[in-house]
Amino acid sequence: MSKSILALFMAVSLAACGASGDYYEKPPADVAKAIKGAYLPTHVLGSQIKRSRVTQPSPDTVVTTLLGAGGREMMHFLTTITPDGSGSRVSTELSIPEGVKDRLDEAVSKDPMAAHAMNVMQMLAKEHVAAAIEGRPFDMTLGNPNAKAAMAMNPEMKQHVDAANAAAAEMSRYEQQADFESSYGSEWGESGSSSADGWGN
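Residues numbered from 1 in each chain as written. Predicted model: local features only at pLDDT ≥ 70, side-chain atom pairs only at ≥ 80, totals over all residues. Heavy atoms only, no water.

Draft legend 1. Layout of the packing of helix α2 (residues 28-36) against helix α4 (residues 112-134). Axis separation between α2 and α4 bottoms out at 8 Å; the angle between their running directions is 115 degrees. The crossing of α2 and α4 is right-handed. Here α2 contributes Val-31, Ala-34 and Ile-35 to the contact with α4, which in turn contributes Val-129, Ala-132 and Ile-133. Its residues assigned to classes, the contact of α2 with α4 comprises 6 nonpolar, no polar and no charged. (Axes fitted to C-alpha atoms, helices over the stretch in contact; angles between N-to-C directions. Helix = DSSP H or I, 4+ residues; strand = E, 2+ residues; numbered from the N terminus. Left-handed = near helix turned anticlockwise from the far one by under 90°. Contact = heavy atoms within 4.5 Å. Nonpolar A, V, L, I, M, F, W, Y, C, P; charged D, E, K, R; others polar.)

Okay, structure coming up:
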């Protein structure tokens, strides 16, 4: 384990000491299993993200890694699961690999929209985890009350959005599989993700 990954893992472990996060009436093992088995809708992440990988470096930590071209790590969703009575407290944060972080910090300093994009990414990470745990589809509105109200008032709009999202998700799955096979061969697995317990490369 490299020094940067070790430092990251220690930071996550320390964060787990505080019982923060959203409460779910599910035991930690079930929460971790749900997150590890969930499909990440990479079509909403932009063209630089090709696929994802899921790892579990410790029983209370699940890491969803966004991968770019050639399998390069672009971002981590770090989910900490803390036992709380008969349920769990779940907290998800973003972590940026060092090489990518330098460029991102520069972009944020020059363009306010880059900071906004990071806020949206944080909401997306939390929604991905919440949808997985609750066993429901990913909410494309990311909890935006205005978007929810608009769809409630116009069921036809919701049908169009759902259909477009389903089509985009299917295309994303196809593209992830093609990217994976071009790099690693035909052993595709589930949704282009690996649930192996380790960080990988």
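Now that the structure has been shown, we can carry on.
Draft legend 2. Seen up close, the nonpolar core. Counting 14 residues, the largest nonpolar core has Leu-40, Leu-45, Leu-66, Met-75, Phe-77, Met-121 and Leu-124 as its most contacted members. A total of 4 residues in this core trace back to one element, the largest contributor, which is α4. Contact partners of Phe-77, with chain neighbours within four places excluded, come to Leu-40, Val-62, Val-63, Thr-64, Leu-66, Thr-92, Glu-93, Leu-94, Met-121, Leu-124 and Ala-125. Counting residues in hydrophobic clusters, the runner-up holds 11 residues, among them Tyr-24, Ile-35, Ile-81 and Val-90. (Core = buried A, V, L, I, M, F, W, Y, C linked by side-chain atoms within 4.5 Å. Buried < 20%, exposed > 50% of the residue type's maximum accessible area, 1.4 Å probe, protein only.)

Draft legend 3. Focus on α2. For α2, every residue scored as buried is listed here: Val-31, Ala-32 and Ile-35. Looking down the long axis of α2, one finds its buried residues gathered within 95 degrees of arc, a one-sided arrangement. Opposite its buried face, α2 presents the exposed residues Ala-29 and Lys-33, each directed more than 90 degrees away. Buried positions along α2 lie against β2 (51-58), β3 (61-67), β4 (73-84), β5 (87-95) and α4. (Arc of directions from axis to C-beta.)

Draft legend 4. Region of the structure containing the packing of helix α3 (residues 98-110) against α4. Axis separation between α3 and α4 bottoms out at 5 Å; the angle between their running directions is 120 degrees. With respect to α4, the axis of α3 lies oblique. Facing α3, whose interface residues are Leu-104, Ala-107, Val-108 and Lys-110, α4 presents Pro-112, Ala-114, Ala-115 and Met-118. Looking at the contact of α3 with α4 residue by residue, the classes come out as 7 nonpolar, no polar and 1 charged. (Parallel < 35°, antiparallel > 145°, perpendicular 65-115°, else oblique.)

Draft legend 5. Focus on the sheet that holds β2. Overall, antiparallel pairing links the 5 strands, which are arranged β1-β5-β4-β3-β2 in an open sheet. Here the strands that pair on one side only, and so sit at the sheet edges, are β1 (22-24) and β2. Averaged over all pairs of adjacent strands, the angle between their axes in this sheet comes to 25 degrees, without regard to strand direction. Taken together, the 6 bridges between β2 and β3 define a ladder with antiparallel strand orientation. Considered in β3, the bridge of Arg-53 is made with Thr-65. (Pairing = 2+ DSSP bridges.)

Draft legend 6. Structural context of the pattern of salt bridges. Counting across every chain of the model gives 4 salt bridges. Arg-53 is the partner of Glu-73 in a salt bridge, and the nearest nitrogen-oxygen pair spans 2.6 Å. Residue Glu-73 is found in strand β4, and its partner Arg-53 is found in strand β2; the two are separated by 20 residues along the sequence. Assessed through its relative accessible area of 17%, Glu-73 is described here as buried. Residue Arg-53 is classed as buried on the basis of its relative accessible area of 12%. Residue Glu-127 is joined to Arg-136 by a salt bridge in which the shortest nitrogen-to-oxygen separation is 2.6 Å. Of the residues examined, Glu-127 reaches a relative accessible area of 9% and is grouped as buried. Each member of the salt-bridge network shares a partner with another, and the members are Glu-127, Glu-134 and Arg-136. (Salt bridge = Lys/Arg side-chain N within 4 Å of Asp/Glu carboxyl O.)

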